[in-house]
Each structure stands twice: as C-alpha cells, then as structure tokens.
Protein chains: 2
Amino acid sequence: MKYCSQCGQPVSLSIPEGDDRHRHVCNVCNTIHYQNPKIIAGILPVFEDKILLCRRAIEPRHGLWTLPAGFMENEESTLEAARRETWEEAQARTCMEHLYVVLSVPRISQVYMIYLAQLEAPEFGPGEESLEVKLFAEEEVPWEEIAFHTVRRTLEFYFADRSKKNDFPMKDETLIL
Amino acid sequence: MKYCSQCGQPVSLSIPEGDDRHRHVCNVCNTIHYQNPKIIAGILPVFEDKILLCRRAIEPRHGLWTLPAGFMENEESTLEAARRETWEEAQARTCMEHLYVVLSVPRISQVYMIYLAQLEAPEFGPGEESLEVKLFAEEEVPWEEIAFHTVRRTLEFYFADRSKKNDFPMKDETLIL
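Since the model is a prediction, treat every value here as computed from it, not as a measurement.

Looking at the interface of chain A and chain B
Now for step 1: In this complex, chain A contributes 37 residues to the contact, which on the side of chain B involves 37 residues.
Now for step 2: Of the roughly 3300 Å² buried between chain A and chain B, counting both surfaces, carbon and sulfur atoms make up 49%.
Now for step 3: Our count for the contact surface shared by chain A and chain B stands at 6 salt bridges.
Now for step 4: With a shortest N-O distance of 3.8 Å, A:Arg21 and B:Glu76 are connected by a salt bridge.
Now for step 5: Among the secondary structure elements, those contributing two or more residues to the side of chain A that touches chain B are strand 4 (38-47), helix 1 (78-90), strand 8 (94-105), strand 9 (110-119) and strand 11 (171-174) of chain A.

Considerations on the side chain of B:Gln110
Residues and elements named next belong to chain B.
Now for step 1: Mapping Gln110 onto the fold places it in strand 9 (residues 110-119).
Now for step 2: Owing to a relative accessible area of 14%, Gln110 belongs among the buried residues under this scheme.
Now for step 3: Not counting residues within four places of it along the chain, the set of residues in contact with Gln110 comprises Lys38, Ile40, Phe71, Leu103, Ser104 and Val105.

Describing the sheet that holds strand 1 (residues 11-14) of chain B
All names here are of chain B.
Now for step 1: Strand order in the open sheet formed by 3 strands is 1-2-3, and the pairing between neighbours is antiparallel. Single-partner strands in this sheet number two, and they are strand 1 and strand 3 (32-33).
Now for step 2: Pairing analysis gives 4 bridges linking strand 1 to strand 2 (residues 23-26), with the strands arranged antiparallel. Directly across from Leu13, in strand 2, lies its bridge partner His24.

Describing the domain arrangement of chain A
Now for step 1: For chain A, the assigned domains read domain 1 (1-35) and domain 2 (38-174).
Now for step 2: Averaged C-alpha coordinates put domain 1 of chain A and domain 2 of chain A at centres separated by 36 Å.

Some details on helix 1 of chain A
All names here are of chain A.
Now for step 1: Between its terminal C-alpha atoms helix 1 stretches 18 Å, which fits the 18 Å expected from 13 residues at 1.5 Å a residue.
Now for step 2: Looking only at helix 1, the buried set comprises Thr78, Ala81, Ala82, Arg84, Glu85, Thr86, Glu89 and Ala90.
Now for step 3: Among the residues trailing helix 1, Gln91 stands out with phi positive, at a value near 45 degrees.

Remarks on helix 2 (residues 149-164) of chain B
All names here are of chain B.
Now for step 1: Here helix 2 spans 23 Å end to end across 16 residues, near enough to the 22 Å set by a 1.5 Å rise per residue.
Now for step 2: The set of residues buried in helix 2 consists of Thr150, Val151, Thr154, Leu155, Phe157, Tyr158, Phe159 and Asp161.
Now for step 3: Contacts made by the buried residues of helix 2 are with strand 4 (38-47), strand 5 (50-56), strand 6 (65-66), strand 8 (94-105), strand 9 and strand 11 (171-174).
Now for step 4: Backbone geometry just downstream of helix 2 places Asn166 in the positive-phi region, at approximately 55 degrees.

What to know about the sheet that holds strand 3 (residues 32-33) of chain A
Now for step 1: Taken in spatial order, the 3 strands line up as 1-2-3 (chain A) in an open sheet, and their pairing is antiparallel. Only two strands of the sheet have a single partner each, and these edge strands are strand 1 (11-14) and strand 3 of chain A.

Things to note about the UniProt feature "domain: Nudix hydrolase" (unreviewed entry) in chain A
Now for step 1: Per the UniProt record, "domain: Nudix hydrolase" (unreviewed entry) is found at residues 36-159 of chain A.
Now for step 2: Helix makes up 19% of residues 36-159 of chain A and strand 41%, whereas the separation of the span's terminal C-alpha atoms amounts to 32 Å.

Some words on the relation of the copies chain A and chain B
Now for step 1: Under the fitted operation, chain A is carried onto chain B by 0.0 Å of movement along the axis and a turn of 180 degrees, and the coordinates agree to an RMSD of 0.0 Å. Considering both components of the superposition, the chain copies are consistent with a two-fold axis. Closest approach to the rotation axis within chain A is made by the C-alpha atom of A:Gly8, at a distance of 2.3 Å.

Regarding the pattern of salt bridges
Now for step 1: Tallying each qualifying case throughout the model produces 30 salt bridges over all chains.
Now for step 2: Here A:Glu156 and A:Arg153 are joined by a salt bridge, their closest N and O atoms 3.1 Å apart. Linking A:Glu156 with A:Arg153, this pair stays in helix 2 (residues 149-164), spanning 3 residues, or about one helical turn.
Now for step 3: Residue B:Arg55 is joined to B:Glu132 by a salt bridge in which the shortest nitrogen-to-oxygen separation is 2.9 Å. Highlighted residues: B:Arg55 in strand 5 and B:Glu132 in strand 10 (residues 130-136), separated in sequence by 77 residues.
Now for step 4: The exposure class of B:Glu132 is partly exposed, given its relative accessible area of 30%.
Now for step 5: Shared partners join several salt bridges into a network, and the residues in it are A:Asp19, A:Asp20, A:Arg21, A:Arg23, B:Glu73, B:Glu76, B:Arg84, B:Glu85 and B:Glu88.

Quick notes on the rules
- Counting starts from 1 at the beginning of each chain's written sequence and moves along it residue by residue.
- Here chains are named by letter from A upward and ligands by number from 1 upward, in the order in which they appear as written.
- Reporting of local features is limited, given that this is a predicted model, to residues whose pLDDT is at least 70; pairs of side-chain atoms are given and counted only at 80 or more, and all residues count toward the totals for whole chains, interfaces and linings.
- Heavy atoms from the whole structure form the basis of all side-chain values; hydrogens and water molecules are not counted.
- For this analysis, residues touch if any pair of their heavy atoms sits within 4.5 Å.
- As a working definition, buried area equals the accessible area (1.4 Å probe) given up by two parts on being put together, with both sides summed.
- The salt bridge criterion pairs a side-chain nitrogen of Lys or Arg with a carboxyl oxygen of Asp or Glu, the two atoms within 4 Å.
- What counts as a helix is a DSSP run of H or I of at least four residues, what counts as a strand is a run of E of at least two, and both are numbered from the N terminus.
- Buried means the residue's accessible area, taken with a 1.4 Å probe over protein chains only, is under 20% of the maximum for its type, while exposed means over 50%, and partly exposed covers the values in between.
- Two strands form a pair only when DSSP identifies at least two bridges running between them.
- Where each domain starts and ends follows an automatic or database-derived domain assignment.
- Expected span of a helix, by definition, is 1.5 Å for each gap between consecutive residues, and there is one gap fewer than residues.
- UniProt positions are given in the numbering used here, feature names are shortened, and annotations may be inferred rather than shown by experiment.
- Least-squares fitting of one copy onto the other uses the C-alpha atoms of those residues that reach a pLDDT of at least 70 in both copies.

Okay, here's the thing in structure tokens:
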C-alpha cells in the first residue's frame, strides 16, 4: 500500500496512538488502513469411498491437484463460500456439509476453512479454473502432485480419521510453513 | 474506496474480465482491489460455574457486556488472536481452549470464531477497552445488556450445552441480522 484509498495522498507506516502495531496511515487525512487475514473456504467432497480433487488450470501451482476452495467473498457465510467454490471449480453440488478443518497459516495471513461433505451424485466437471476434476480412491491420491500444504494436511486428517473410527471431529491447527 | 492504493489515481466499480462481481479497479494501473470478510477471534472463559464478561469502554455499544474478542491480525493464528484479545481486554490467561462457535454474519462481512476455555486462575481485570471485567453465574448474566447478537448466541449455546450433557460440540451457524 502506497496511497490512501480515501484521499489518494501518500501513506506512511507508523504505530497509531493506543495501538501496538505498524499500520499504513495517511499523511494527509490520517485514515488508518488495517489489513487482516483472509479466509479460504472449501470442501472435501466424498462419493462412496472416493474423494474429489481438481487439477489447477491457474497459477500458483498450475497442473497440480487441489480441493475446490477459494477466497471467501463479502456478504457470504463460510458454507456459502465453500459451496460456491465447489460449484465454480468442480461443477459439483454437495450435501451434509460439516466444518471439518480450520487451518491457520500465519506466514501468509490466511485461514483455511474446509468442510467435509457428500457429493449429491457422481456429477462434476472442470470449471474455468480447473483442467480436470476426478474421484480418487485412497490408493490413487497423487500425493506428489498436491498443490498446497493445507490440502495435503486436510487429506491426511481425512484418511487417518476414516481408517480409525469413521468419525470426523473438527480439527483446528496452525500450519507453520 | 475512492483511490488506488498502488498508484493514487481514482478507482471505479466494474466487473473484471472472468469475474462475476463488482470490484474497485484502478482507472490508470488496472489494479483490482478485492475486499474480503474479516475474522473476529475471541474466547468464552469459564471458571468453575461462572463465565467471564467485559463491559465495553469503547464504541460501538459502550457500557454493554461482551466476550473478549476482536479483529484477527495478519501473521497470527486464530487461537493466538483469541488469546491476545483476552489478555488485552480482560487481562486474563486461559487454557484448554477449543474452537466452539463459528458464526458467519454476512450482512457485515464478518466471521466470529469463539473458543471455549478455562481461566487458569480467577485473575483478570479491565484492559484499556474495558470498563469492568467480571465473572457471572448463569442466573446473573445481564441478558438485556449484551453488546452483540453473536455474543448472545454464543452464551445461549454454552448454557444449553451445559444444561444437557456438559458436552460442547463445535457450532457453525449463519446469523441473519
């Protein structure tokens, strides 16, 4: 951030009175510009004993596999955002969603919120941001071609829970990258 | 947003190519300025059969009671943010935290993430943003003076869970205000 979004004049980094962090503050109108973490909402869609993954058609990690997920938009709920991304990237509809994995990634100021859900039917296809969308049995998962640590961790949680009790309690973890 | 934070020139609302929402786009350098929901992280601190509330020393809702909670900062985890706010507003330390309530509030583009936790000891006091910090038994809770719907809902969840099985499963809900 170089300029004030309110008045167009230059900003400086300084610690406002009563605060303890550096903020971008306008040199002219004194507006304080706060920056906050972003939420990535998504779904781990399950159909029978398989999970749905998308191969990315965009950077970063073009060509690698991911879960349908993306930046939550203003005026959405987390579940609405997760469903929207699943439709946009995998052309898939889910049901029985429950919030399964919350992963804070402080280094990049993101919080992943991934729902576990059932695919309504084995109907899906590549949205604009995907090259390919496919169901994978556990032994078929392309572990060497997973796009993000957060996705890998979510899949590890899922297969570990499934192998134990078929019970999927919510996880809340911090990922140090 | 009126001016581009990258180059200081005026922005306009328009739908970028390949997008389906209006964004603030710079008329000169074409930077797209995305805006996303913010996370409010906090804690419901419990000591024996009582809960800890803070009376607000700041607007909005000056003088009303709330849980220690506030905007998550960049480069934090959700739990770190919740603990920081609890220290700043209630001068209290907690342990055994688990993520208890996730409340999306689409109208104001916020997601509340509230942990349930034990107070380490009955030690607390008003931080700069609080007038007073106090433990309340259920029958003492000032229901008519609770600052926010999200806090009221969290307290309702807690007392309902406690009266049933003393089991506190995670809730994920959308609050329509």
